[in-house]
Amino acid sequence: MAKIKLATIWLCGCSGCHMSFLDLDEWLLELAEKVDVVYSPVASDVKEYPEDVDVCLVEGGVANEENLELIRIARERTKFLISFGDCAVTANVPALRNMLGGAEPVLKRCYLELGDANPQLPNFPGIVPELLDRVRPVHELVHVDLFMPGCPPPADRIQATIEPLLRGEKPVMEGREMIKFG
Amino acid sequence: MSVKTLTIDGVDVAIEEGATLLTAAKEAGVHIPTLCHLEGVTDVGACRLCLVEIEGINKLLPACVTEVSEGMKVHTNTETLQEYRRMVVEMLFSEGNHICAVCVVNGNCQLQDAAIEVGMDHTRFPYRFPQRDVDVSHDRFGLDHNRCILCTRCVRVCDEIEGAHVWDVAGRGPASRIISGLAQPWGEVEACTSCGKCVDACPTGSLFRKGSTVAEMEKDRGKVEFLVTAREEHKWTR
Ligand code: SF4
Ligand code: SF4
Ligand code: SF4
Ligand code: FES
């Protein structure tokens, strides 16, 4: 049987969901026998999101231009997209800035009012991506096939979600075992 | 007192006139999810989680404030109801600012419990991200409007059990909010006895004890019920 092509992407999150993924410990070896990791910030050095990906775990909400571009590409090239963790599912902690009236007042507060030596707004077009006005959960922008809330989802829940997928079945996200915010 | 007979999910129930469908369902061993209902205080039908279908009535009615009547045929778990219940919980999440990861009651929250119960793993409604205040003027407790679902459990407990009537609801629609005293900071309301009943009654992290950190705050959910039984039946132990 051909190996499943697995990708993971990291948008606006703290990397906690990826760390939780690495907490799968020795099960990662079992996983490695069944999947090819074709793109991932923690498991490959590929720069371009490849074509024909089977499953992609998305950590983080959509907070800037780069996140937006990557999630659109990933959606286009992936069969089964999973919102991985609360930032992807609810926008979570990064969205705390949404209540403060958009990107501008927040940037001004951080970089100008609280800037000590040389207060200036970060501005490197093409290098530092522009912030979107609002941090948004992934499914508000592209279609999501499965939601795995949690901040982060613990390793055993990640395993319980991925295992059925490897057998070609859709996991049942029900009850306290599988649904947990925060 | 006359007795009414009805069926709930096919189970025959006989119960005294004036009882609510929620009480009748309990009697019949049928569980209906609730949020604003609190054992020991009056019901107000604020959250709409307990909606049920009644044959011959073409709207859904809240079980906690609907009285039983003779021959009623009640359904509590149809597909329509499951769908609406999920929507109700989704709306509660997207209406306020529920960032569970930094909440005092994370893991001990009845709104989270409701989400799990109705099978909500995300909300289909766009988040509103409203701007709301936090009142920490009371020396022992705090009120975070971001997490308030306007169930008014605090209002009813303070009025009906403590007898202080510190809380009320002000405003309309999305501007509705809980106020203390005459919209004073909580700490300045002399009527407050600092009993903490409102804090224990609150299903979310909206009312909390000061100094509790993320996921630390557990509420004494049985306190109100205990107090009512103690008063009415003179049973002082639990
Ligand atoms: S009150 Fe409950 S649902 Fe709201 S943020 Fe806190 S834990 Fe989450
Ligand atoms: S502490 Fe007691 S008296 Fe004060 S507002 Fe809460 S319920 Fe009312
Ligand atoms: S403060 Fe708590 S108890 Fe009071 S209305 Fe809000 S959620 Fe309900
Ligand atoms: S429990 Fe009946 S409406 Fe809230």
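Residues numbered from 1 in each chain as written. Chains lettered and ligands numbered in written order. Predicted model: local features only at pLDDT ≥ 70, side-chain atom pairs only at ≥ 80, totals over all residues. Heavy atoms only, no water.

Draft legend 1. Expanded view of the packing of helix α2 (residues 27-34) of chain A against helix α6 (residues 155-166) of chain A. All names here are of chain A. Their axes nearest at 12 Å, the elements α2 and α6 cross at an angle of 25°. For the element pair α2 / α6, the angle class is roughly parallel. Note on packing geometry: the crossing formed by α2 with α6 is left-handed. Of α6, the residues touching α2 (which contributes Trp27, Leu31 and Lys34) are Gln159, Ile162, Glu163 and Leu166. In terms of residue class, the contact of α2 with α6 is made up of 4 nonpolar, 1 polar and 2 charged. (Axes fitted to C-alpha atoms, helices over the stretch in contact; angles between N-to-C directions. Helix = DSSP H or I, 4+ residues; strand = E, 2+ residues; numbered from the N terminus. Parallel < 35°, antiparallel > 145°, perpendicular 65-115°, else oblique. Left-handed = near helix turned anticlockwise from the far one by under 90°. Contact = heavy atoms within 4.5 Å. Nonpolar A, V, L, I, M, F, W, Y, C, P; charged D, E, K, R; others polar.)

Draft legend 2. Expanded view of the domain arrangement of chain B. All names here are of chain B. Under the domain assignment used here, chain B contains domain 1 (3-75) and domain 2 (84-232). In this assembly, 19 residues from domain 1 lie in contact with 23 residues from domain 2. Between domain 1 and domain 2, roughly 1,600 Å² of surface is buried when both sides are summed, and carbon and sulfur atoms account for 66% of that area. Contact with domain 2 buries surface across domain 1, with Leu35, Leu38 and Leu49 losing the most and accounting together for 37% of the total. Taken together, the links from domain 1 to domain 2 amount to 7 residue pairs in polar contact (both at pLDDT 80 or more). Considering only residue class, the side of domain 1 that touches domain 2 consists of 12 nonpolar, 4 polar and 3 charged. (Domains from an automatic or database assignment. Buried area = accessible area lost by both parts, 1.4 Å probe. Polar contact = N/O pair within 3.5 Å; in protein donor to acceptor, adjacent residues only side chain to side chain.)

Draft legend 3. Here's a closer look at the environment of Phe147(A). Tracing the chain through its elements places Phe147(A) in strand β7 (residues 146-148). Excluding its chain neighbours within four sequence positions, the residues that come into contact with Phe147(A) are Ser83(A), Val89(A), His139(A), Met173(A), Asp121(B) and His122(B).

Draft legend 4. Just the pattern of salt bridges, in detail. All names here are of chain B. If you walk through the whole model with that rule in mind, you get 22 salt bridges over all chains. One salt bridge connects Lys235 with Glu233, and the closest N-O pair in it is separated by 3.2 Å. Here the salt bridges do not stand alone but share partners, grouping Glu83, Arg86, Glu90, Asp121 and Arg124 into one network. (Salt bridge = Lys/Arg side-chain N within 4 Å of Asp/Glu carboxyl O.)

Draft legend 5. The side chain of Thr66(B), seen in detail. Residue and element names in this part refer to chain B. With respect to the element layout, Thr66 can be found in the loop between β4 (61-62) and β5 (73-75). The class of Thr66 is buried, set by a relative accessible area of 11%. Within polar-contact distance, the side chain of Thr66 engages the backbone oxygen of Pro62 at 2.6 Å. If near-sequence neighbours (up to four positions away) are discounted, Thr66 is found in contact with Ala19, Thr20, Leu21, Ile54, Leu61 and Met72. (Buried < 20%, exposed > 50% of the residue type's maximum accessible area, 1.4 Å probe, protein only.)

Draft legend 6. Focus on a nonpolar patch on the surface. Nonpolar side chains collect at one region of the surface, where Val93(A), Leu96(A), Val102(B) and Val214(B) lie side by side and expose about 270 Å² of accessible area between them. Mapped onto the elements, Leu96(A) comes out in the loop between α4 (86-90) and α5 (103-113). Its relative accessible area of 38% is what places Leu96(A) among the partly exposed residues. (Patch = residues over 30% accessible without salt bridge, like charges linked within 9 Å, V, L, I, M, F, W, Y side chains within 5 Å. Areas by Shrake-Rupley, 256 points an atom, 1.4 Å probe, with all protein chains shown as cover.)

Draft legend 7. The packing of helix α2 (residues 79-95) of chain B against helix α3 (residues 110-118) of chain B, seen in detail. All names here are of chain B. Where α2 contacts α3, the two axes come as close as 9 Å, and the packing angle between them is 145°. Both α2 and α3 take part in a crossing whose hand is left-handed. Between α2 and α3, the residues in contact are Arg85, Arg86, Val89, Leu92 and Phe93 and Leu111, Ala114, Ala115 and Val118, respectively. Looking at the contact of α2 with α3 residue by residue, the classes come out as 7 nonpolar, no polar and 2 charged.

Draft legend 8. Representation of the site of ligand 2 in the model. Every one of the 13 residues lining ligand 2 counts as a neighbour, but Cys158(B), Cys192(B), Cys195(B), Gly196(B) and Cys198(B) are closest to it. Considering only residue class, the shell around ligand 2 consists of 9 nonpolar, 3 polar and 1 charged. (Near = heavy atom within 4 Å.)

Draft legend 9. Broad picture of the interface of chain A and chain B. Taken together, the contacts link 25 residues of chain A with 23 residues of chain B. Summed over both sides, the interface between chain A and chain B buries roughly 1,900 Å², with carbon and sulfur atoms accounting for 65% of that surface. Our enumeration of links across chain A and chain B arrives at 1 salt bridge. Ionic pairing is found between Arg176(A) and Asp113(B), a salt bridge with its closest N-O pair at 2.9 Å. Applying the counting rule to chain A against chain B returns 7 residue pairs in polar contact (both at pLDDT 80 or more). Among the secondary structure elements, those contributing two or more residues to the side of chain A that touches chain B are α4, β6 (131-136) and α7 (175-178) of chain A. When grouped by side-chain class, the residues that make up the side of chain A that touches chain B number 14 nonpolar, 7 polar and 4 charged.

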